[in-house]
Amino acid sequence: MGTITMIPAKRRIGSRVVQDEIPKTRVAAYCRVSTDTDEQSTSYEAQVDHYTEYIKKNPAWECAGIYADDGISGTNTKKREEFNRLIDDCMNGKVDMVITKSISRFARNTLDCLNYIRKLKDKNIAVYFEKEGINTLDAKGEVLLTIMASLAQQESESLSQNVKLGLQYRYQQGKVQVNHTRFLGYDKDEDGNLIINKKEAEVVKRIFREYLEGQSYCTIGKGLTADGIKTAAGNERWIPSTLYKILRNEKYMGDALLQKTVTTDFLSKRRVANKGLVPQYYVENNHEPIIPKELFMQVQTEMARRAKLETNVGKRRQYSAKFALSNTVYCAHCGEVFQRTHWDVHGKKKIVWRCLSRLHKKKAPTNCPARTITELDLHAVVIKAINEVFAKQDDFMPKLRANIEKVLGNSNSVAIAAIDERIREKEKQLIKMTKSRQNCDALGDEIIELRDEKHQLQLDDANKEGTRAKLEELESFLSEQSAEVKEFNDALVRRLIESITVYDDHFRVKFKSGIEIDV
């Protein structure tokens, strides 16, 4: 048997094949800081400088690059662009070894950390954690790594909880924290307070005004897009959901509802709507409003009205503002709306309005006998009604104003103030009960009921103001008008007309001010 000589394995780092001349190890460094403060920025630059020099000092190493993520959390690797670039370069054979300060700098998510370490280990690429002194290619490396990564995840979870508690304390103090970079109409001053951006505020006012004039999300959005007005996010195209959020945002009337969403998982940073998961805080008169409270409430009432639109068989009906008379013309027989459609009679096409019950006879509960009206006739009815109000304004307006004031009466301000006082007292009780760890569910329900009662009173006041505003709108039109209206005008109809009811022998035109004219 021949002589056997054992040749000891020579440990090689990296994934390259053996070459005649021992090449230098290509070493890359990864740096990261989690926030964008000046202090952290200094730490970031210091890390980059440190590893540049650290790699140069070792003659067996050559720098494969410094990969640095600035101002990004380590709990999830999805948004860490430089980290992901480093991993890609390792997989492509451009890096033999990675150096980083600590496990928490590499990843605070145990699963991510171990997955990437094992991925690199399969390629014979070591990761060296300077602070812990761990080399992942050592035998003890993975055992120590598992322990240290778990501790790092606990640190991140603890930090997340501390942030939550800090925000909770701020909310309890009524301190509003808003990302104004995507908040149309507002900027922040040096002290972090919301201040109105006059140019953007005009866009917000336009959105609220056009919505109350009867326009839909789509028509408002198309108008803004056509005028070259960008969204708060810088998008050129306006979509309905963006407009919906603006119209629902209480901050435009100077208030702020805090903790609308809540983070449910500190690793994925997933946020969900806060539907009773944690307390919410409502701060009134927090900043200067762009939209008056009454006007904001009128919009909420109109949104609720449109959301509840139904056919005469109880099916949901989508609001349409494609034409000025859409959702405005009603059938006196079945209560259904009239819809604009095209008729082809003996080869001649014309535009007509027909009751939906007649258009969809199979789905209608009754055989509706409502007549069909040409669009020209319908327009003529509207013009005639407007001109009749114009001709008889001296008789109509004083009586109408007197009737409106009699019906509306005084505002609910005294009742609202009384509810506010009751809420403050109950909130004091709630704090005492919470501190003494008593069950305060019943008291919490009472506060919610009081707030709902207050909200209804505010809506009632807003509707009263809306009625007065509609009367003033009609008075303004009449004072501006020097002669009778000659042509149908979409904008004028949206401004003045509430509804048109179609009878067999006449029409009833109701104005938004409350005046009714039979034509």
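Residues numbered from 1 in each chain as written. Predicted model: local features only at pLDDT ≥ 70, side-chain atom pairs only at ≥ 80, totals over all residues. Heavy atoms only, no water.

**Student:** Quick question: what am I supposed to make of the pattern of salt bridges here?
**Tutor:** Where charged atoms from two side chains of opposite charge come close, those side chains can pair. Taken as a whole, this structure holds 14 salt bridges when the rule is applied. The partner of Lys-94 in a salt bridge is Asp-89, and the shortest N-O contact between them spans 4.0 Å. Residues Lys-205 and Glu-202 are paired through a salt bridge, measuring 3.6 Å at the closest nitrogen-oxygen approach. Taken together, the residues span about one helical turn, with Lys-205 and Glu-202 both in helix α6 (residues 198–212) at a distance of three residues. Exposure remark for Lys-205: the relative accessible area of 35% places this residue in the partly exposed category. The class of Glu-202 is partly exposed, set by a relative accessible area of 47%. Residues joined in a network through salt bridges with shared partners are Glu-82, Arg-85, Asp-89 and Lys-94. (Salt bridge = Lys/Arg side-chain N within 4 Å of Asp/Glu carboxyl O. Helix = DSSP H or I, 4+ residues; strand = E, 2+ residues; numbered from the N terminus. Buried < 20%, exposed > 50% of the residue type's maximum accessible area, 1.4 Å probe, protein only.)

**Student:** I keep staring at the sheet that holds strand β18 (residues 516–518) and nothing clicks. Help me out?
**Tutor:** The strands that make up a sheet are held in pairs by hydrogen bonds between backbone atoms, and each pair lies either parallel or antiparallel. In space, the four strands of this open sheet follow the order β12-β16-β17-β18, with mixed pairing throughout. Each of the sheet's edge strands pairs with one partner strand only, and the pair in question is β12 (329–331) and β18. The average angle at which neighbouring strand axes cross in this sheet is 20°, direction not considered. Across three bridges, β12 lies against strand β16 (residues 497–502) in parallel orientation. Within β16, the position partnered with Val-329 by the bridge is Ile-500. The strands touched by helix α11 (residues 375–391) are β12, β16, β17 (507–511) and β18; relative to β17, the strand with the most contacts, the crossing angle is about 55°. (Pairing = 2+ DSSP bridges. Axes fitted to C-alpha atoms, helices over the stretch in contact; angles between N-to-C directions. Contact = heavy atoms within 4.5 Å.)

**Student:** Looking at this structure, how should I read the nonpolar core?
**Tutor:** Residues Leu-325, Phe-338, Leu-378, Ile-497, Ile-500 and Phe-511 are the most contacted members of the largest nonpolar core, which totals 30 residues. Per-element accounting of this core gives the leading share, seven residues, to α11. What Leu-325 contacts, discounting residues up to four positions off in sequence, is Trp-353, Leu-378, His-379, Val-382, Phe-488, Val-493 and Ile-500. With 27 residues, the next largest nonpolar core counts Ala-201, Leu-224, Ile-229 and Met-297 among its residues. (Core = buried A, V, L, I, M, F, W, Y, C linked by side-chain atoms within 4.5 Å.)

**Student:** Any chance you could explain the packing of aromatic side chains here in plain terms?
**Tutor:** Any aromatic ring pair is given by two values, namely how distant the centres are and how the planes are angled relative to each other. All told, the structure shown has 11 aromatic pairs when counted by the stated rule. Ring geometry for Tyr-54 against Trp-61: centres 6.0 Å apart, planes inclined by 50°, an arrangement best described as tilted. An angle of 25° between the planes, with centres 5.7 Å apart, marks the rings of Tyr-211 and Tyr-217 as stacked. Of the residues examined, Tyr-217 reaches a relative accessible area of 22% and is grouped as partly exposed. Ring pairs connect the aromatic residues Phe-183, Tyr-186, Phe-208, Tyr-252 and Phe-296, which therefore count as one cluster. Here the guanidinium or amino end of Arg-306 rests over the ring plane of Tyr-211, the centre of that ring lying 3.8 Å away. Just above the ring of Phe-323 sits the side chain of Arg-340; from NZ or CZ to the centre is 4.1 Å. (Phe/Tyr/Trp six-rings, centres within 6.5 Å; stacked < 30°, edge-to-face > 60°. Lys NZ or Arg CZ within 6 Å of the ring centre and 35° of its normal.)

**Student:** Any chance you could explain the sheet that holds strand β14 (residues 348–355) here in plain terms?
**Tutor:** If you walk across this open sheet you meet the three strands as β13-β14-β15, and the pairing is antiparallel. Whereas interior strands pair on both sides, the edge strands pair on one side only; in this sheet they are β13 (338–345) and β15 (373–374). Sheet topology note: the β13/β14 ladder contains eight bridges and is antiparallel. Paired with Thr-341 across the bridge in β14 is Val-352.

**Student:** Honestly, the environment of Lys-486 in this entry has me stumped. Any pointers?
**Tutor:** Along the polypeptide, Lys-486 turns up in the loop between α14 (441–480) and α15 (490–496). For Lys-486, a relative accessible area of 68% translates into the label exposed. Considering only alpha carbons, one finds Lys-486 and Ala-380, 106 residues apart in sequence, at a separation of 9.4 Å.

**Student:** Just checking my understanding: could you explain a negative patch on the surface for this structure?
**Tutor:** A cluster of like negative charges, contributed by Glu-45, Asp-49, Glu-53 and Asp-70, occupies part of the molecular surface. Of note, Asp-49 is situated in helix α1 (residues 38–57). (Patch = residues over 30% accessible without salt bridge, like charges linked within 9 Å, V, L, I, M, F, W, Y side chains within 5 Å. Areas by Shrake-Rupley, 256 points an atom, 1.4 Å probe, with all protein chains shown as cover. Lys, Arg positive; Asp, Glu negative; His and termini not counted. Charge placed at Lys NZ, Arg CZ, Asp CG, Glu CD.)

**Student:** So what exactly am I meant to see when it comes to helix α8 (residues 240–248) here?
**Tutor:** Given 3.6 residues per helical turn, the α-helix brings residues three or four places apart onto the same face. Looking only at α8, the buried set comprises Leu-243, Ile-246 and Leu-247. All buried residues of α8 fall inside an arc of 95° around its axis, so they share one side. Structurally, α8 contributes buried residues whose contacts are with α6, α7 (217–226) and α9 (293–307). (Arc of directions from axis to C-beta.)

**Student:** Help me out: how do you make sense of the state of the cysteines in this one?
**Tutor:** Put plainly, two cysteines are in a disulfide when a covalent bond ties their sulfur atoms together. One pass over the full model with this rule turns up zero disulfides. Here Cys-331 is not disulfide-linked; the sulfur of Cys-368 is the nearest cysteine sulfur, at 3.6 Å. (Disulfide = S-S within 2.5 Å.)

**Student:** Explain the pairing of β17 to me, please; I cannot follow it from the model alone.
**Tutor:** In summary, the side chains of a regular strand alternate between the two faces of the sheet. Burial along β17 is one-sided: the residues Phe-507, Val-509 and Phe-511 are buried and none of Arg-508 and Lys-510 is. Taken together, the five bridges between β16 and β17 define a ladder with antiparallel strand orientation. Bridging across to β17, Thr-501 finds its partner in Arg-508. Linking β16 to β17, which pair antiparallel, is a turn of four residues. Two strands pair when backbone bridges link them, and β17 and β18 are joined in this way by three bridges, in the antiparallel orientation. Paired with Val-509 across the two strands is Ile-517, which belongs to β18.

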